[in-house]
Amino acid sequence: PEERRRRVAPLAAAPPGEAEEKPLLRGIFEISKRSCDVVLSPRRLRWSPILPESPTGDSSTVSQAQEEILEMKDVFSVKLKRRRFVGQKKGGTLLGITIFKCLSKEENKLTDCAIHLNNLSEDHCHSWFRHLKEILNGFKNRPKSLKVFVNPSSHKREATHVYYEQVAPLFKLADIKTDVTVTEYEGHALSVLKECELQAFDGVVCVGGDGSVSEVAHGLLLKAQIDAGKDTDYISTPVRAPVPLGVIPAGTTNILAHTLYGIKHAVTATLHIVMGHIQPVDVCTFSTPSKLLRFGFSAMFGFGARSLALAEKHRWMPSSQRKDFAFIKTLADLKPEECELSFLPLQIPQEDSHEDDKITLLYLGNKDQWHRIQGHFLNVSIMAIPCLCSMAPRGLAPNTRLNNGSMALIVVQNTSRTEFIKHLKRYASVKNQFNFPFVETYTVQEVKVQPRLKTGLDAKENTHLNAASAEGNYPWNIDGDLMKEASEVHVRVHPQLICLYGVNTDDLESSQATCNCI
């Protein structure tokens, strides 16, 4: 019988503006059990099935071939595919090439999937493999070496399992070298980072909860100041972190992970790191008049801090139980803190057009005009990021952004327990949690919190929740970590002081944002 003739389907036209992109390679591979004509260019991989020619010479059948396109920016790994016997670790029969891509799914999730290009020719596959690797190596921001911290005590002690079962295999697949430290005590990561040679790594990764991430972020920025020769007791203009920070959620609340990815999902967080998605983020410095306390993203004084302080006294309880107990107990003994708040409002730029069409930025109000509020406050929140979490899907500070150079100051004045509970419940809904007469919000650059020390009869009225206040030490909740200070705390925001692996959940297309620290 006459041999069946086959015709290569014509490739579709390149998208507008990319017609000048020349193919690097063209060849035939079997994909999904179909022989395909495959073309590789610097930006994409395109293939279409090779269809049999019609006996009448009609090419209409050919036009029905569906071309598929894979954007190279979505590829994070390429491997030679081999058949090996049980126990065989090297060599084996070459079967083709496997390409691993990052796939977006619903609810901001990312997952990985494999595309198999089968061809038994060694020379053919090795040539394609080399070109594919060269393209992947050309992508900016993708890490080759990472310093990893794992907190084995996070949440239900699941961080170690999360890392070795879900994260490490993806790092290995992407040919990322890792140096792993499993922390043994609070402050371990900080002490390691102070001595770490960060130039040996492309990024730092933390696997744990909010407290672990806060410690690593603080250590990373503190190391940057030390290397820059800064006085770490007082830092008015800190230098940026030299490498990005990756956050793998393995805690209870995971505020930073929710804010970065819109979801608590270890694989999604890992793929953002692997793909090199960089997001500049604002950071705050928390200082007393004499020293720097720490770097951080958010803080609470009053109810949010006292409930954390009580939870820390009951570490013997399971994590979720002690937090629920502390929340309810603090709510039952609800008392305000008397203090003075001083803040510098954000100076809003105004565009003023001139005849030469140049734009000049004018600032409204006095640049150094401080505002002061004195009174009794149930809670004071200072946040440089929106602080999303499962309990507050819109965020604890929904009106701020990751990198707009400002902080949200949220002041809850003294009110009844019933009204305060209504305010708290609003965080879990779509309603405006600030639409109460006792809640005030401000967009600020700096904040000073000066507690009024309780003496005499005022001190005796404190319950055990306010015992620290009676001693002159007031609890602060900074990124989920408890700190106690007696004096004024000065909070400043520093624009884009650190880069985090992830995307701005307000603008998912910003995932390829460039960062000055790279």
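Heads up: these notes are all about the structure in this document. (Residues numbered from 1 in each chain as written. Predicted model: local features only at pLDDT ≥ 70, side-chain atom pairs only at ≥ 80, totals over all residues. Heavy atoms only, no water.)

Below, the discussion takes up helix 9 (residues 319-332). The α-helix advances 3.6 residues per turn, and as a result positions three or four apart in sequence lie on the same side. Over its 14 residues, helix 9 extends 20 Å from the first C-alpha to the last, a length consistent with the 20 Å expected when each residue adds 1.5 Å. Within helix 9, the full set of buried residues consists of Ser319, Arg322, Ala326, Thr330 and Leu331. An end-on view of helix 9 places all buried positions within 160° of arc, on one side of the element. Within helix 9, the exposed residues directed more than 90 degrees away from the buried face are Asp324 and Ile328. Where the residues of helix 9 are buried, they touch helix 8 (303-312) and helix 10 (417-426). (Helix = DSSP H or I, 4+ residues; strand = E, 2+ residues; numbered from the N terminus. Expected span 1.5 Å × (residues − 1). Buried < 20%, exposed > 50% of the residue type's maximum accessible area, 1.4 Å probe, protein only. Arc of directions from axis to C-beta. Contact = heavy atoms within 4.5 Å.)

You can see Arg26 is positioned in strand 2 (residues 25-31). Remark: the alpha-carbon pair of Arg26 and Arg46, spanning 20 residues in sequence, is separated by 9.6 Å.

With that settled, consider the pairing of strand 2. The alternating pattern of strand 2 places Leu25, Gly27, Phe29 and Ile31 on a buried face, while none of Arg26, Ile28 and Glu30, on the opposite face, is buried. In textbook terms, the turn of a hairpin is the stretch between consecutive antiparallel strands, and for strand 2 and strand 3 (residues 34-40) this stretch comprises two residues, one of which, Ser32, has a positive phi near 55°. (Pairing = 2+ DSSP bridges.)

Throughout the structure, instances matching the rule amount to one cavity of 30 Å³ or more. Taken as a whole, the largest cavity holds about 30 Å³ of empty space. Contributing to the lining of the largest cavity are Ser214, Ala217, His218, Leu221, Val283, Phe295, Gly296, Phe297 and Asp479. For the lining of the largest cavity, the element with the highest residue contribution is helix 5 (residues 210-227), accounting for four residues. Residue classes in the lining of the largest cavity are distributed as five nonpolar, three polar and one charged. Split by domain, the lining of the largest cavity shows at least three residues from each of two domains, domain 2 (145-281) and domain 3 (291-347 + 368-452 + 474-495). (1 Å grid on protein atoms, 1.4 Å probe; cavity = no way out; pocket = protein on both sides within 12 Å on 5 of 7 lines; lining within 4 Å. Points joined across faces, edges and corners; volume = space filled by probe spheres on them. Nonpolar A, V, L, I, M, F, W, Y, C, P; charged D, E, K, R; others polar. Domains from an automatic or database assignment.)

Moving on, we come to the pattern of salt bridges. Considering all chains together, one arrives at 16 salt bridges under this definition. As a salt-bridge pair, Asp481 and Arg294 come within 3.4 Å of each other at their nearest N and O atoms. With Asp481 in strand 23 (residues 481-485) and Arg294 in strand 14 (residues 292-296), this pair connects stretches of sequence that are 187 residues apart. Here Asp481 falls in the buried class, since its relative accessible area comes to 15%. Relative accessible area serves as the criterion here: at 9%, Arg294 is assigned to the buried category. Across the pair Lys422 and Glu419 runs a salt bridge, and its minimum N-O distance is 3.2 Å. Linking Lys422 with Glu419, this pair stays in helix 10, spanning three residues, or about one helical turn. Assessed through its relative accessible area of 25%, Glu419 is described here as partly exposed. When salt bridges that share partners are traced, they join Lys79, Lys133 and Asp175 into one network. (Salt bridge = Lys/Arg side-chain N within 4 Å of Asp/Glu carboxyl O.)

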